[in-house]
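Spelled out, the chains give:
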Amino acid sequence: MISQIFILSSKGDHLIYKDFRGESGGDAVGVFYEKVTALTGDQPPVVMSHKGLHFVHVRQGGLYWVATTTADSSPFTIIEFLNRLSALVKDYCGSLSEKSVQMNFALIYELLDEAVDYGYIQTTSSDVLKNFIQTEAVSSRPFSLFDLSNVGLFGAETQQSKVAPSSAATRPIQSSREQGGKSEIFVDVIERMSVVIGSNGMLMKADVEGEIRVKCYLPNCSEMRIGLNEEFSIGKSQLRGYGAAVRVDEVSFHQMVRLDEFDSHRILRLCPSQGEQMVMQYQLSDDLPSAPPFRLFPTIERDSGGRLLMYLKLRCDLPPKSAAINVAATIPVPKGSLSLSQELSSPDQSAELKPQSRAVVWKIPRFTGGMQLSALFKLEVPGLSSASLLEVGPVGLSFELPKLTATGLQIRFLRLSPVQPGPSQRWVRFINITDLNIFTERSFS
Amino acid sequence: MPYLGGEETVRELRRALSNPNVQSDQLRYRNTILKVIRAMSQGVDMSGLFSEMVKACATVDVVQKKLVYVFLCSYAALNPELSLLVINTLRKDCQDPNPMVRSLALRNMTNLRLPSLVEYVEQPLAAGLRDRAACVRRVAVLGWAKLHNLQASSEIDAAVVNELYSLLRDPDPVVMVNCLRALEEILKDEGGVAINKPITHHLLNRLKECDIWGQCQVLRVLQRYRPQSEDELFDILSLLDASLVSPHPPIMAATLSLFLSLCSGQPAVSLAALERVRGPLLAACGSGSREMRFTALCHIQLLLRSIPGLMGAHYKRFFCGYAEPAYIKQRKMQVLVELVNDENVAMLLDELKGYCTDVNAETAQAAITAIGRIGRSYSDRCLEILTGLLGLKQDHITSAVVQTMRDLVWVCPQCSDTVCFALEGCEETLQDSQGRQALLWLLGVYGERVSSAPYTLEVFIDGVRSEASLGVKMELLTATMRLFLCRPAETQDMLGRLLHYCIEEETDMCVRDQALLYYRLLHCGIEETRKVLQGRRSDPSLGVLIGRPAEPVSQWARSFNTLEPLRQGSIETESVSRGSPEHTMFDPKPNADLSNTLDCSRIEKVHSDGDGRCSDSSADILASSVAAPLSLSLFPALSPEEFERLWLQQLALHAEQGNEMEKGYIVNNTSQRFSLSRSFPFIGQDLWLTRARRPAEKDEEAGKEDFVWMEECVRCPTIPRCSPQSLQAAMQLVNIQTLAFTPPQTLPWRVYLYTHTCLDDAPHSTLILGELLYTGEEPQKAEVHKGSADGGVGAEGIEDEQARQGMEATADGGQEAVKVTLRQQPRDDKALKGFLSILTTVLHTLSSERA
């Protein structure tokens, strides 16, 4: 049971406030903001209480999404609902930010009114809600030169227009009616990988959490079929297909997915509702089908002048055709590091010392498979001792691998039925977000 | 938030709203209203515009209607008279052909929250219950709940309640769930909606139609249901199995809650449900939302209280990610500490070592504390890491390490050499008072082994004038006194200066009183001072406590899936996370299929053939105990703290002949055995403890005859060498709970245990507390030991006395006997004897297995 819901900006501005039961005083917002900003680092912020008032909040899009409730309500339910609410707002407003919430507050009140009555959650399905929501979303897309780049010389279509711009999926779902928005459907395969590699190059931990998301802008779509690779197998023992198996440990599906063709042909059948939904989630741990895409060879020593020398060699083990983008290596350095001098192998890379997070961040915008890059960092650390070397590492690497999944999951086809009348576009995107930790050699000598 | 120019805005908006040109242009009208709502949600008081907004309500534009309703519902309570004007529009809307408009009107009519309007609302609400459109019925059903809460005192209309019950069969699942919700509120005084067999089965059958929110609600309401037969119970459980492993965390949690409440009489089934839910919970721990991850972690901590080994194999899932917020990292570390076992300890420590240099100081300190906890079981590996960390020379790390070492040394005295060696040079990097207090305590206690101790203390004493922290000053006094006792020549001068300063110049009463106390103590002579100050440094005999045993699920089942587990600070979890390897390896299955109470007739049979091995004194007890059947039960469970309190009452009564000073020692030393924490090691605390407890003891003496206490010796020489797990498992088989052990092979070896007895012919059950003690010493040796005990005379004396009694009693039975001390409340000799016979049987069985 939810008593109030409010949305605050990170600075504490009231964006949305709705009181469902009229039980608690109106100052809850102020109390909440005072409490949440007064927290010290080790106090968990998710649930806070004040005089019989219990605040549960999540942070999404830089905003506080807060519900006040009674002590015996389920935290799982309330947190899931707040997350779902923010997803709904994102679906309806196009993007999630302070600005979009401010511009669409009437729409959000309308959403809240339909989704919750007297503190009880009624529905959060966008199929049901779209019948009730009347307000048009105001989208806050600023004019951008990039929009023009799709138009070639004399208006001819260029190659670029065949790739969906990254902003294509951040638009409100309902604008399609009047504004004649394109009827599009996006299928995203997102894998979150976290890998820890020991100082000897051994794989210590590897976890992949993957999901298939469908974002649908089709006004009416009765059925959609997604074909996965035939080799897709679940659990340790199952083996399918001829080639190397694509293996995951556990799979769970959205309840609307029908699985009658899944066992035989690995086809998911579903009727997507408008907006974004998670179709399938899967996990894989400890048993990566391929080697981790990067190897790091670090050398760390002190030079005679009391400086810390770090020589890092990074090799990309991807096939030469693919590339990793937005690679960022974070190297923790000893406390009190003053200045950094660097030698990087190409001009598009950059590195900087971030004193507040005590780390050197080395950024590589694009890293083609088979390449090897190296960097030399010299750090001025006053009072450098041999023990300071303990503070160096582990190195964290984060990167994106477009068009590549760690598990090898592929989408064979995407069919819509009935065939859409107008021009409709289907996009399949693969996103791999990785958090790679590589331990550097550490010794007490 | 106050908004500058609020009044100006109100005036401007009023002008715009009453402008006929604006009113005629729908778009402009709507935009003006939008501005009003925007200002309202920013916190500006817009109540002045109420009458203008009431006019704006009469429109065909649904968007505008909705906006105006948002406004009206916020301010209706301030303008009850004007709100009457809205009612007409609303009632007209309730007749609208469009179901959306009808539901909107009905919802807002009830949201106005005005008791004066109730009479106008009832009729449309009643019509709403029979509306064709489901969305109107949904609103109407909840509307009755709102209405009831508005006038809580009024009679409940039985007709409405009946209609709501019948709507539980509505084809729309949301209407059904809303009916449950409304009835829960309306019938709150009667304990909520009636959950009988037909309703339960109806709800269960329709569970699949509901969305996740509806399912959660239904599962929650069903917690009140009590199945009539075992078959029905298991039918329900198997029906709900799919929800238990649902990928949606809310459903999974609600189902588990329901399982735990349905199976409260069947611990084995509850434990099996916990195992089943492991997968989904672990998945929730890896959820994309960090708040969801945190919630799942907190609930995993609950589960671990009952099945410590539940997540042992999945420890890698609790490794922290680089970018995770500090509060998640700390929870993960708390879980990690509980999962340590022989196989993963190396990996775990390696991982924790990495966190010790975290940018966030709190995370780093939490990691160091976690290593210290693991150090109780794996001290060498952990000390190596801790010593290495001191080399970093960073104040927050050094402080945390020194505090951790202090706590570790208290439990594991064998670490003291390494710790003393590591202490040199720490004082330069220590900044905060907590760390300096820990260092001073260590220097005071182990002063003779740290060569630089006097110099370090001298630096502190020279700076005492500028010292701000009270704790540091108190600790400094005690440490200097202690060091003076073992190294007088080096310390005498500075002790004099310190005492002089504290007595003459110090403004704080506590510090001055303590200094005065020490000053007078020194007047009594050095031997007296030594007796007072050099108490126990630690309790090696109970060095490693095997953490608390697995708690029964019922301890925490109530708080599962509420906000409670998320709110508990680190203090609460601290006591829970007493990790130890034996604990995590302990397999809960052996006792999983036991019912709470176990009839002991089976055991009676067993011990009849073991009679010959019993000592004489227990043999006649056995003979007399066979008559009445006795059953033992673990419930209600007793926490270690409660046990300690009851046991101490007993000890204090027993030691009445001792003088009061001794009593103080007993109280304090015994409490240290259990609580393992020693925040004030100085003697003043001990005195206060005695003083504080004395009145309570007097009260207890009045009801003294209610206790009985009994000592027995049982010959079973191999018992102290058997593993704690097998002992615990064996005891649990007959429903005796063991609370604390000393590790095997140490002397004196002790076990504390308790149970409840329940005689068939006795009116009430009794509580039995017990101690098993094995000294393994020759009687004459014990005498010598008593003579040499100079510190903590009281406690040693009593123990030796007990030991001697034990020896005497078994003089004919040989030397290797385990002394059993039992305390019963209230007194019931028959039950006590029965219990003793069961206990001896268990011990004999165990020792024959070993032999």
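As recorded by an unreviewed UniProt entry, chain B carries the name Beta-adaptin appendage C-terminal subdomain domain-containing protein and is attributed to Amphiprion ocellaris. What the UniProt record of chain B gives under Subcellular location (unreviewed entry) is the line "Endomembrane system".

Under an unreviewed UniProt entry, the name given to chain A is AP-4 complex subunit mu-1, and the organism recorded is Amphiprion ocellaris. Looking at the Sequence similarities (unreviewed entry) heading of the UniProt record, one finds this comment for chain A: "Belongs to the adaptor complexes medium subunit family."

Chemist: Summarise the overall build of chain B; cite the residues concerned and give the values.
Modeler: Helix and strand counts for chain B come out as 43 helices and seven strands. Residue burial in chain B is summarised as follows: out of 851 residues, 59% are buried. Expressed as a percentage of contacts within chain B between residues at least 6 apart in sequence, the contacts between residues at least 24 apart total 72%. Accessible surface, chain B: about 34900 Å² in total, of which carbon and sulfur atoms supply 52%.

Chemist: For the overall build of chain A, give the residues involved together with the corresponding values.
Modeler: Looking only at helices and strands, one finds eight helices and 25 strands in chain A. Put simply, chain A has 445 residues, and 52% of those count as buried. Put simply, chain A shows about 19100 Å² of open surface, and 53% of that area lies on carbon and sulfur atoms.

Chemist: With reference to specific residues and values, describe the pairing of strand 6 (residues 766-774) of chain B.
Modeler: Counting buried residues along strand 6 of chain B, nine of its nine residues qualify, which places the element largely inside the surrounding structure. Burial along strand 6 of chain B is two-sided: the residues Thr766(B), Ile768(B), Gly770(B), Leu772(B) and Tyr774(B) and Leu767(B), Leu769(B), Glu771(B) and Leu773(B) are all buried.

Chemist: So what about the nonpolar core? Which residues, and what values?
Modeler: Judged by nonpolar contacts, the single largest core of 252 residues is most densely connected at Met46(B), Met53(B), Phe71(B), Leu72(B) and Phe318(B). Setting aside anything within four residues of it in sequence, one finds Phe318(B) in contact with Leu282(B), Cys285(B), Leu297(B), Ile300(B), Met311(B), Lys332(B), Val335(B), Leu336(B) and Leu339(B). Membership of the second largest hydrophobic core comes to 30 residues, among which are Ile331(A), Val360(A), Leu373(A) and Val381(A).

Chemist: Give a detailed account of the packing of aromatic side chains, specifying residues and quantitative values.
Modeler: Residues and elements named next belong to chain A. With the rule as written, the count across this model stands at 21 aromatic pairs over all chains. On the numbers, 6.4 Å between centres and 90° between planes, the contact of Phe105 with Tyr109 is edge-to-face. With Phe105 and Tyr109 both in helix 4 (residues 105-115), this residue pair falls four residues apart, about one helical turn. Phe105 sits in the buried class, given a relative accessible area of 2%.

Chemist: Which residues make up the sheet that holds strand 17 (residues 307-316) of chain A, and what are the values?
Modeler: All names here are of chain A. The strand order across the open sheet built from four strands is 16-17-22-19, with neighbouring strands paired in antiparallel fashion. On the outer flanks of this sheet lie strand 16 (294-302) and strand 19 (339-344), each paired with one strand and no other. For this sheet the average axis-to-axis angle between neighbouring strands, irrespective of direction, equals 15°. In terms of strand pairing, strand 16 meets strand 17 through nine bridges, oriented antiparallel. Considered in strand 17, the bridge of Arg302 is made with Leu308.

Chemist: Just give me the short version of the interface of chain A and chain B, but keep the residues and values in it.
Modeler: On the chain B side, the residues contacting the 80 residues of chain A number 76 residues. Together, the buried faces of chain A and chain B total about 7000 Å²; carbon and sulfur atoms form 57% of this surface. Among the ionic pairs, Arg220(B) bridges to Asp72(A), the shortest N-O distance being 3.5 Å. Top contributing element to the side of chain A that touches chain B by residue count: helix 2 (residues 75-93) of chain A, with eight residues. Considered class by class, the residues forming the side of chain A that touches chain B number 28 nonpolar, 30 polar and 22 charged.

Chemist: Please give an account of the packing of helix 2 of chain A against helix 4 of chain A that cites residues and values.
Modeler: All names here are of chain A. Viewed as axis vectors pointing N to C, helix 2 and helix 4 meet at an angle of 135°, and their least axial separation amounts to 11 Å. Classified by the interaxial angle, the pair formed by helix 2 and helix 4 is oblique. Considering how the two elements wind past one another, helix 2 and helix 4 form a crossing that is right-handed. Along the contact surface, helix 2 presents Leu85, Leu88, Val89, Tyr92 and Cys93, while helix 4 presents Leu107, Ile108, Leu111 and Leu112. Taken together, the residues of the contact of helix 2 with helix 4 sort by class into nine nonpolar, no polar and no charged.

Chemist: Help me get a handle on the side chain of Thr404(B), residues and values and all.
Modeler: Structurally, Thr404(B) is set in helix 23 (residues 395-411). On the basis of relative accessibility, which here comes to 7%, the residue Thr404(B) falls in the buried class.

Chemist: Residues and numbers for the pattern of salt bridges, please.
Modeler: When the charged atoms of two side chains lie near each other, side chains of opposite charge can form a pair. Under the defined criterion, the tally for this structure stands at 45 salt bridges over all chains. With a shortest N-O distance of 2.7 Å, Lys66(B) and Glu110(A) are connected by a salt bridge. Taken as a pair, Lys66(B) in helix 5 (residues 62-75) and Glu110(A) in helix 4 lie in two separate chains rather than in one. You'll find Lys66(B) and Glu110(A) in the same group, each marked buried. In this structure, the salt-bridge partner of Arg224(B) is Glu184(B), at a minimum N-O distance of 2.9 Å. In this pair, Arg224(B) is assigned in the loop between helix 13 (212-222) and helix 14 (230-244) and Glu184(B) in helix 11 (residues 173-186), connecting sequence segments 40 residues apart.

Chemist: Can you lay out the side chain of Thr357(B) for me, pointing to particular residues and giving the numbers?
Modeler: Inspection of the secondary structure puts Thr357(B) in the loop between helix 20 (345-355) and helix 21 (361-375). The exposure class of Thr357(B) is buried, given its relative accessible area of 9%. Of note is the side chain of Thr357(B), whose polar atom sits 3.4 Å from the backbone oxygen of Gly354(B). Once residues within four sequence positions are removed from consideration, Thr357(B) is found in contact with Arg358(A), Glu391(A) and Leu392(B).

Chemist: How would you sum up helix 28 (residues 488-504) of chain B? Please name residues and give values.
Modeler: Residue and element names in this part refer to chain B. Between the first and last C-alpha of helix 28 there are 23 Å, a value that for 17 residues agrees with the 24 Å anticipated at 1.5 Å per step. Taken together, the buried positions of helix 28 are occupied by Thr491, Met494, Leu495, Leu498, Leu499, Tyr501, Cys502 and Ile503. Packing partners of the buried residues in helix 28 comprise helix 26 (453-462), helix 27 (470-486) and helix 29 (509-523).

Chemist: Lay out the packing of helix 2 of chain A against helix 18 (residues 290-306) of chain B with the relevant residues and their values.
Modeler: Where helix 2 of chain A contacts helix 18 of chain B, the axes come no closer than 10 Å and their chain directions differ by 170°. Put simply, helix 2 of chain A runs roughly antiparallel to helix 18 of chain B. Here helix 2 of chain A contributes Pro75(A), Phe76(A), Ile79(A) and Glu80(A) to the contact with helix 18 of chain B, which in turn contributes Glu291(B), Met292(B), Thr295(B), Ala296(B) and His299(B). Grouping the amino acids of the contact of helix 2 of chain A with helix 18 of chain B by side-chain chemistry returns five nonpolar, two polar and two charged.

Chemist: Report on the sheet that holds strand 14 (residues 267-270) of chain A, specifying residues and quantitative values.
Modeler: Residue and element names in this part refer to chain A. Strand order in this open sheet of three strands is 14-10-24, and the pairing throughout is antiparallel. Because the sheet does not close on itself, it has two edges, and the strands there are strand 14 and strand 24 (411-417). The average undirected angle you get between the axes of adjacent strands in this sheet is 15°. In this sheet, strand 24 lies alongside strand 10 (residues 223-228) in antiparallel orientation, the contact comprising six bridges. Looking at the pairing, Met224 lines up with Leu416 of strand 24.

Chemist: Break down the pairing of strand 18 (residues 323-332) of chain A for me, with residues and values.
Modeler: Consecutive residues of a regular strand have side chains that alternate between opposite faces of the sheet. All names here are of chain A. In terms of residue burial, strand 18 counts as a mostly covered element, since eight of its 10 residues are buried. In terms of strand pairing, strand 18 meets strand 21 (residues 359-368) through nine bridges, oriented antiparallel. When the sheet's bridge partners are listed, Ala328 is paired in strand 21 with Lys363. Of the strand pairs in this sheet, strand 18 and strand 23 (residues 395-400) are connected by four bridges, and their pairing is antiparallel. Within the sheet, the bridge partner assigned to Thr330 lies in strand 23 and is Gly396.

Quick notes on the rules
- Residues numbered from 1 in each chain as written.
- Chains lettered and ligands numbered in written order.
- Predicted model: local features only at pLDDT ≥ 70, side-chain atom pairs only at ≥ 80, totals over all residues.
- Heavy atoms only, no water.
- UniProt positions renumbered as here; feature names shortened; annotations may be inferred.
- Helix = DSSP H or I, 4+ residues; strand = E, 2+ residues; numbered from the N terminus.
- Buried < 20%, exposed > 50% of the residue type's maximum accessible area, 1.4 Å probe, protein only.
- Contact = heavy atoms within 4.5 Å.
- Areas by Shrake-Rupley, 256 points an atom, 1.4 Å probe, with all protein chains shown as cover.
- Core = buried A, V, L, I, M, F, W, Y, C linked by side-chain atoms within 4.5 Å.
- Phe/Tyr/Trp six-rings, centres within 6.5 Å; stacked < 30°, edge-to-face > 60°.
- Pairing = 2+ DSSP bridges.
- Axes fitted to C-alpha atoms, helices over the stretch in contact; angles between N-to-C directions.
- Buried area = accessible area lost by both parts, 1.4 Å probe.
- Salt bridge = Lys/Arg side-chain N within 4 Å of Asp/Glu carboxyl O.
- Nonpolar A, V, L, I, M, F, W, Y, C, P; charged D, E, K, R; others polar.
- Parallel < 35°, antiparallel > 145°, perpendicular 65-115°, else oblique.
- Left-handed = near helix turned anticlockwise from the far one by under 90°.
- Polar contact = N/O pair within 3.5 Å; in protein donor to acceptor, adjacent residues only side chain to side chain.
- Expected span 1.5 Å × (residues − 1).

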